[in-house]
Structures are given as C-alpha cells and as structure tokens.
Amino acid sequence: MVTTTDTDPVQYEIFPQRMLDPASAQKLLNRLEQIEGVTRVLVQGPRLPLTVPYGPGKGAPVDHTDREIIRVGDQVMELQVKVGRIRLEAENDVMEEVRALCEELFPFPFELKEGLFLRRKATVTDYAKYGPDELVEDKSIYGMTDPSMTPTAKICESCTDTRE
Amino acid sequence: MAYTPQYYPGASHVAVNRRKHMSGDIEKLRTVSDDDLVAALGHRAPGADYPSIHPPLKEMGEPDCPVRQMVEPTPGAAAGDRVRYSQFTDSMYSAPSIPYFRSYYAAINFRGVDPGTLSGRQIVEARERDMEEQCKATIESEMTCPALAGLRGCTVHGHSLRLAEDGLMFDMLQRTHMEGGNVIEDKDQVGVPIDRKVNLGKPMSDAEAKKRTTIYRTDGVKYRDEPEVLDHVHLVHHRRTMYGYRPETAAETAPGVGPVTYHTV
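Just so it is clear, the structure is predicted and the values come from calculations on it, not from any experiment.

1. Side note on the pairing of strand S7 (residues 193-199) of chain B
All names here are of chain B.
- Sheet topology places strand S6 (residues 182-187) next to S7; three bridges connect them, and they run antiparallel. Across the sheet, the residue bridging to Glu 185 is Val 198, located in S7.
- Adjacent in sequence and paired antiparallel, S6 and S7 are bridged by five residues, among which Gly 191 carries a positive phi angle near 95 degrees.

In structure tokens:
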C-alpha cells in the first residue's frame, strides 16, 4: 500500500477541454519547466502512428502534422501523441502557479487536479524492465514511460532536431 | 388527408432534427463532386467504370418469380455492381448526426442498403452506385459537419475524444485538415493518400452544431428534459420487457386505455 506523507512531492494533472497542438504543448511545457520545484512532467494522449496500423490501408504512411519535434528546455523530442493531458510532479505546492499559467495560455476551459498520477513504487513491469528496485539509480523513471516501450528504447536521445 | 409519419417524439430542436434525419427532409449545405466522392471512398479510381460481379439482370434471364417481378431492382443491382461500403464517425461533441439516425435515414429513405449501427461508427453496405448515392446525399447535407463527422473506414476512436484546438475531431490518420478555413480531405476513408484535395467546406460553428445536433447532452438539450421521449422509451421498454414479441397484448397500454405515465427512478 502506498501512503502519502508530507515530504512526498505533490502531483497535478492538467486536463484541457481541447487537445493541444504541438506549438501549444511546447509553449506550456517550457513554461512549466520554468516553475521552480517542478521535477517531472509527462504528456499523455492518443498515439499518432507512423503508418496505418490496420485496415485495408495498413502500412500506408500517415505523416501526421501533429507528430512534430518540439524543444523543451534543452531537450528535443518528437511528439508521438496528441497531447491530451499533462501530469506533473513538484517538490512543493505550485498549484496556483500552474493554474495561472493555464489561464494565460488556454483560450478554453481546463481542469487542474491534485492527486497521485505518477507512481512512486516499481511495478512488476518496472522490475522486468529495470531490474530490482534497489539497483535502479534513477527512480524518477517509474511511471514516465510508455508501458509498451521496449527496455532498449530511449525517450529522447533517439530524436534529432531537423528544423535547423 | 395523406398520413404523415411523425417518426420521433419530443418537442425540442434535437427531437425535430431527429425527425428530419429519419424522414429525409434534410437541408443540403455543400456540394461534393462525384469524382471527389469516389476518390474519398477509395473503392475505385475516379472516372473508372463500375466493376461488376455479375452481368446486368436484364441479360441474365431471371427465373419466373413473382417477388422479382414486383420489386424493381436498384440501379446498382440491375447493373451487377459490387457491394461496397461507406462508414461515418460522429463526434460526441454535438455532431449533427449519430449512428442510429444515420441508419434510420439510410433504411427509411434508400432502397437496397444495409446499414450497420455501432457505438462510434455507422456503416452502409450496398451496391456500389447505390452506396455512392446514399453517401453523397449524407455528406452534402446537414447530417454531416466536416469537422465533427468524418468518412472513416477504420480508426474511428476520435468520436469519443476531445476536439483539437482548431475544432476538428481527432483522427490519428489525419484524413482531414484545415486549410484556409475549409476542411480538406486528402486521404481516402482508410487512410491511403489520394491525388486530390477534396474540399468539404467550412465546419459548423459551435452554435450551429448545437442547433443541428441530434445528440442530447447536459450542455445542450438534456434527455431528462424531454418528457415525451422519456415516456415513449419507457413505453417501448415496458412492452418489450413484459410482453416480449406480443406487445399488442399489453392491456394497460392498449389504445383507448389512456396515457400511462412512467416515472424515472
């Protein structure tokens, strides 16, 4: 059983009424990154496949314009999902900063919730991927990856910025 | 005086729209050319002949059958067309139509169509030219908003997701996109790119979509605010539950007994 203590970081979920375009997502993520105390940010949404996954058109290229390369801080990554919700973890209470930021950036309503959205303990899947909990150096990886991701896949390093 | 079926109970504009869709008395809002439609459907090349699976009925020499003599074949059946499909998806965010009413529309107003109704999509199978006629009428009418509904042969899950910032229903295959305020389709219904841009016109505004919708929603017309519809649904439910396949034997709801009021729990 996971119990929450006062020393545990707080977690929030931003749930905008519209799913975000890559430009809006990049802007939001960059502004979130500047808020002091924010340690982890995760975006979630429906996947944007490279090719048609099934049906009579299986294998045809999709070329989705929302599958764009974005820059967050000093990281460059390719968006593989349409950003539907943003979960973040902070060391201290940043609820009002996040709310003010969302009110500034979103021209549509949004929900902002505090709760437990990113797991703190390793699951069996995490054990299979990363090994025993005591041997995992960076425990912040828990809950941050796609459950269907292979252990060898990289989150950011495989992407290159092709814009310049 | 000729009898005019009412089709659907209710007094709100949602009920009126449902009646319009069922009766086929729908407004044409846009024009899509035949070639554009054929390209978007993706079953044959635009301008190509209809492939056939049997010779025209007139050349086949049909057996002496009174039913065949009574029922005039549809143009597609008479020509021996293949059976092909069109499939639509409607967003839950106040799309003009919904699968059930697309099926009612097809089944009531067209001959030789086989509508299939699912939670998020609605498919019509028919002989190719009959299907194209039905699909064209649907896509050009107020039953379809290019942003909130789409011709999707597969991957229809966008119907239950939030809209994108530009108001388009999510589509992981991106069959449509906005260009100069219009919705452009540049892939066929299964996501294979086509060599043309099919202009589906401007999307409906929020207010217009809510005006033309057939969806009861808490942020629009609430289902609970439609007593006549609720009463009718309760009546049908009661008769089917209590009397199975003989609803006419239901004594308490027989004609002349008077109104039966059901109360929602």
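Now that the structure has been shown, the text picks up again.
2. Comments concerning the sheet that holds S7 of chain B
All names here are of chain B.
- Ordered by their spatial adjacency, three strands build an open sheet running S5-S6-S7, and the pairing between neighbours is antiparallel. Two strands bound the open sheet, and with one partner strand each, they are strand S5 (176-179) and S7. Strand-to-strand twist of the sheet, defined as the mean angle between neighbouring strand axes without regard to direction, takes the value 30 degrees.
- Across the sheet, helix H2 (residues 34-41) is in contact with S6 and S7; its angle to S7 comes to roughly 135 degrees.

3. Topic: the domain arrangement of chain A
All names here are of chain A.
- Assigned domains within chain A: domain 1 (10-118) and domain 2 (119-150).
- Its C-alpha centre places domain 1 at a distance of 21 Å from the equivalent point of domain 2.
- Among the residues making up the side of domain 1 that touches domain 2, the classes are represented as two nonpolar, one polar and one charged.

4. What to know about the nonpolar core
- Ala 25, Val 83 and Ile 86 of chain A together with Ala 95, Cys 145, Ala 147 and Leu 148 of chain B are the most contacted members of the largest nonpolar core, which has 59 residues in total.
- The contacts of Cys 145 of chain B, once residues within four sequence positions are left out, are Ala 95, Pro 96, Pro 203, Met 204 and Ala 209 of chain B.
- By size, the runner-up hydrophobic cluster in this structure holds five residues, among which are Leu 48 and Val 52 of chain A together with Met 172 and Leu 173 of chain B.

5. Concerning unusual backbone geometry
Residues and elements named next belong to chain B.
- One non-glycine residue, Tyr 7, adopts positive backbone phi at about 70 degrees.
- Looking at where Tyr 7 falls in the secondary structure, it is placed in the segment before helix H1 (13-23).
- Phi angles above zero are rare outside glycine, and Ser 94 is one such case at about 55 degrees.
- Mapped onto the elements, Ser 94 comes out in the loop between strand S1 (83-90) and helix H6 (99-109).
- Among the residues examined, Ser 94 registers 24 C-beta atoms within 10 Å and is labelled buried.

6. Some thoughts on helix H7 (residues 128-140) of chain B
- Under the 1.5 Å per step criterion, the end-to-end length of H7 of chain B is 18 Å for 13 residues, consistent within 8% with the ideal 18 Å.
- Of the positions making up H7 of chain B, those classed as buried are Glu 128, Asp 130, Met 131, Glu 132, Gln 134, Cys 135, Thr 138 and Ile 139 of chain B.

7. Some points on the environment of Ala 60 of chain A
- Within the fold, Ala 60 of chain A resides in the loop between strand S2 (38-44) and strand S3 (69-72).
- A residue is classified by how many C-beta atoms lie within 10 Å of it, and Ala 60 of chain A, with 17 of them, is partly exposed.
- Residues Ala 60 of chain A and Arg 99 of chain A, 39 residues apart in the sequence, show an inter-C-alpha distance of 41 Å.
- Setting aside anything within four residues of it in sequence, one finds Ala 60 of chain A in contact with Thr 51 and Val 52 of chain A together with Gly 191, Val 192 and Pro 193 of chain B.

What counts and how
Residues numbered from 1 in each chain as written. Chains lettered and ligands numbered in written order. Predicted model: local features only at pLDDT ≥ 70, side-chain atom pairs only at ≥ 80, totals over all residues. Pairing = 2+ DSSP bridges. Helix = DSSP H or I, 4+ residues; strand = E, 2+ residues; numbered from the N terminus. Axes fitted to C-alpha atoms, helices over the stretch in contact; angles between N-to-C directions. Contact = placed C-beta atoms within 7 Å. Domains from an automatic or database assignment. Nonpolar A, V, L, I, M, F, W, Y, C, P; charged D, E, K, R; others polar. Core = buried A, V, L, I, M, F, W, Y, C linked by C-beta atoms within 7 Å. Buried ≥ 20, exposed ≤ 12 C-beta atoms within 10 Å, placed from the backbone. Expected span 1.5 Å × (residues − 1).

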